[in-house]
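Each chain is listed here by its residues.
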Amino acid sequence: MSQWKLITFHKQRFCKKITKFFNLLTPKMMADEALTRREILSLIARVAAFSAMSYFTMKWLMDAIDPTRKQQLLAKEKAQKLLKSLGVPSNIELNNHEMMVASNLVEPKSIQVSWDDVAGLEAVIEELKESVILPIKERDLFSHSQLTRAPKGVLLHGPPGCGKTMIAKATAKEAGARFVNLDVSQITDKWYGESQKLATAIFTLATKLSPCIIFIDEIDSLLRIRDAHDHEATAMIKAQFMQMWDGLETNQNATVVVMGATNRPKDVDKAILRRMPATFHVGLPDVHQRKSILKRILEMESVGEDIDYARLAKLTDGFSGSDLREACRTASVYRMRELMALKAKDELCQPELREIANEDMLKAVSKLKESKVHCGATATHFASASLD
């Protein structure tokens, strides 16, 4: 039995009981039309008590069968802690939907990634700072000009594992603005109309906390191209999202920036792309960028002097930043394997973990190339980079 059918059933049952109650009462009233004051008050008290009991029973029943009730309470508690930690003024009042969205706020000091940790993307970072971060930090300085304001939308696109999410983390730490890492699952609700209210709450909250950046990872999963086969609820969420983002009700004085990341920009709706004029392509690193990334990954590790970063950078043509990190991790595993083998031969022996050698890196790169080929990568990417 669905929830609405259950509610209707209890309403009908309640009405039948009330009707039966008054039907029993009617003969007595006809026999003795002059009821005493005590009897009238007793009758009113009974009806009031029955109504109150029915109301609280129905409320408890709806809360009990609502699967998101516990999640809402936890989100509200988390949001209150975050708002207090971020120093949001107590006079800003938030409704229940805004509190749900506020639970996605990011505390900058909890993020360990900064601009210095993003290697090989200096040009993208510099442009992002100039066109997005600077207008937010110095908005009072540029308030007289409409053209120097921060864009309404920023799109980071490119192959997987190239640093898009890492840039977003660094932006959250360095931007000097409130940052909402939007959880797409939180704006979908089984109750009709609730998803649209949550979509509205995203922007009303951001306006109240302005300046604010709303980050949506894998934005194509939420705001993909609309077509006739879209579910009604999904289509309404998209429409409400676009209306609040840049529509008649949009507050033009508030600094609200929507930042999205995707490796499938062609799947994003054209109306959404129009609202994201600042686009940054985060592509596969070139040889100089790969060398810089390798140095950044290994700078905190114990490495041998024989590490040839230039050769490794040439051998890893077609590797993303994530692939390079995995190659370094695999190379580190090789020395750990040797350590465990030595301890297995002599339990009293206490060998030390040796440095990562160039040979370890070469073996790791070779293994990762083979894995990428088996997973569907074309061998032509690695044709010019032979380990021989």
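For the structure itself, consult the block above.
Note that the structure is predicted; figures quoted are calculated from it, not measured.

## Points about the overall build of the protein chain
And then number 1: Broken down by element type, the protein chain carries 13 helices and five strands.
And then number 2: Every one of the 388 residues in the protein chain was classed for burial, and the buried ones make up 38%.
And then number 3: Sequence separation of 24 or more characterises 78% of the internal contacts of the protein chain that already satisfy a separation of 6 or more.
And then number 4: Total accessible area on the protein chain stands at roughly 23400 Å², and carbon and sulfur atoms take up 56% of it.

## Things to note about the nonpolar core
And then number 1: One finds Phe 203 and Ile 214 to be the most contacted residues of the largest nonpolar core, which totals 40 residues.
And then number 2: Of all the secondary-structure elements, those providing two or more residues to this core are helix H3 (69-85), helix H4 (96-102), helix H7 (194-208), strand E3 (212-217), helix H8 (232-245), strand E4 (256-262) and helix H9 (270-274).
And then number 3: At six residues, the largest contribution of residues to this core is made by H7.
And then number 4: Listed in part, the 31 residues of the second largest apolar core include Ala 175, Phe 215, Val 257 and Phe 280.

## Observations regarding the sheet that holds E4
The strands making up a sheet are joined through hydrogen bonds of the backbone, oriented either antiparallel or parallel.
And then number 1: One open sheet accounts for five strands, arranged E2-E3-E4-E1-E5; its pairing is parallel. Pairing within the sheet leaves two strands with one partner each, and these edge strands are strand E2 (178-181) and strand E5 (278-281). Taking each pair of neighbouring strands and ignoring which way they run, the sheet shows an average axis angle of 15°.
And then number 2: The pairing of E2 with E3 spans four bridges and is parallel. What sits directly across from Arg 178, in E3, is Cys 212.

## Structural notes on the packing of aromatic side chains
And then number 1: Per the counting criterion, the structure on display carries three aromatic pairs.
And then number 2: Ring geometry for Phe 203 against Phe 241: centres 5.0 Å apart, planes inclined by 75°, an arrangement best described as edge-to-face. With Phe 203 in helix H7 and Phe 241 in helix H8, this residue pair connects regions lying 38 residues apart in the sequence. The same class applies to Phe 203 as to Phe 241, namely buried.
And then number 3: Ring centres of Phe 241 and Trp 245 lie 5.9 Å apart, and the angle between their planes is 90°; this geometry places the pair in the edge-to-face category. With Phe 241 and Trp 245 both in helix H8, this residue pair falls four residues apart, about one helical turn. For the residue pair Phe 241 and Trp 245, the accessibility class agrees, reading buried in each case.
And then number 4: Here the aromatic residues Phe 203, Phe 241 and Trp 245 are joined through ring pairs into a cluster of three or more.
And then number 5: Across from the ring centre of Tyr 334, 4.5 Å away, lies the NZ or CZ of Lys 363, which sits over that ring.

## Quick notes on the packing of H7 against H8
And then number 1: Two numbers describe how H7 lies on H8: the axes approach to 9 Å, and their chain directions differ by 20°. The orientation of H7 with respect to H8, classified from their angle, is roughly parallel. The element H7 and its partner H8 pack so that their crossing is right-handed. From H7, Ser 195, Gln 196, Ala 199, Thr 200, Ile 202, Phe 203 and Thr 204 reach across to H8, where they touch Met 236, Ile 237, Gln 240, Phe 241, Met 244 and Trp 245.
And then number 2: Class assignment for the residues of the contact of H7 with H8 results in eight nonpolar, five polar and no charged.

## Looking at the side chain of Thr 316
And then number 1: Position of Thr 316 among the secondary structure elements: in the loop between helix H11 (309-315) and helix H12 (321-345).
And then number 2: For Thr 316, a relative accessible area of 1% gives the class buried.
And then number 3: A polar contact of 2.8 Å, which involves the side chain of Thr 316, links it to the backbone oxygen of Leu 312.
And then number 4: Excluding residues that lie within four positions of it along the chain, Thr 316 makes contacts with Arg 290, Leu 324 and Val 365.

Cut-offs and rules
- Residues numbered from 1 in each chain as written.
- Predicted model: local features only at pLDDT ≥ 70, side-chain atom pairs only at ≥ 80, totals over all residues.
- Heavy atoms only, no water.
- Helix = DSSP H or I, 4+ residues; strand = E, 2+ residues; numbered from the N terminus.
- Buried < 20%, exposed > 50% of the residue type's maximum accessible area, 1.4 Å probe, protein only.
- Contact = heavy atoms within 4.5 Å.
- Areas by Shrake-Rupley, 256 points an atom, 1.4 Å probe, with all protein chains shown as cover.
- Core = buried A, V, L, I, M, F, W, Y, C linked by side-chain atoms within 4.5 Å.
- Pairing = 2+ DSSP bridges.
- Axes fitted to C-alpha atoms, helices over the stretch in contact; angles between N-to-C directions.
- Phe/Tyr/Trp six-rings, centres within 6.5 Å; stacked < 30°, edge-to-face > 60°.
- Lys NZ or Arg CZ within 6 Å of the ring centre and 35° of its normal.
- Parallel < 35°, antiparallel > 145°, perpendicular 65-115°, else oblique.
- Left-handed = near helix turned anticlockwise from the far one by under 90°.
- Nonpolar A, V, L, I, M, F, W, Y, C, P; charged D, E, K, R; others polar.
- Polar contact = N/O pair within 3.5 Å; in protein donor to acceptor, adjacent residues only side chain to side chain.

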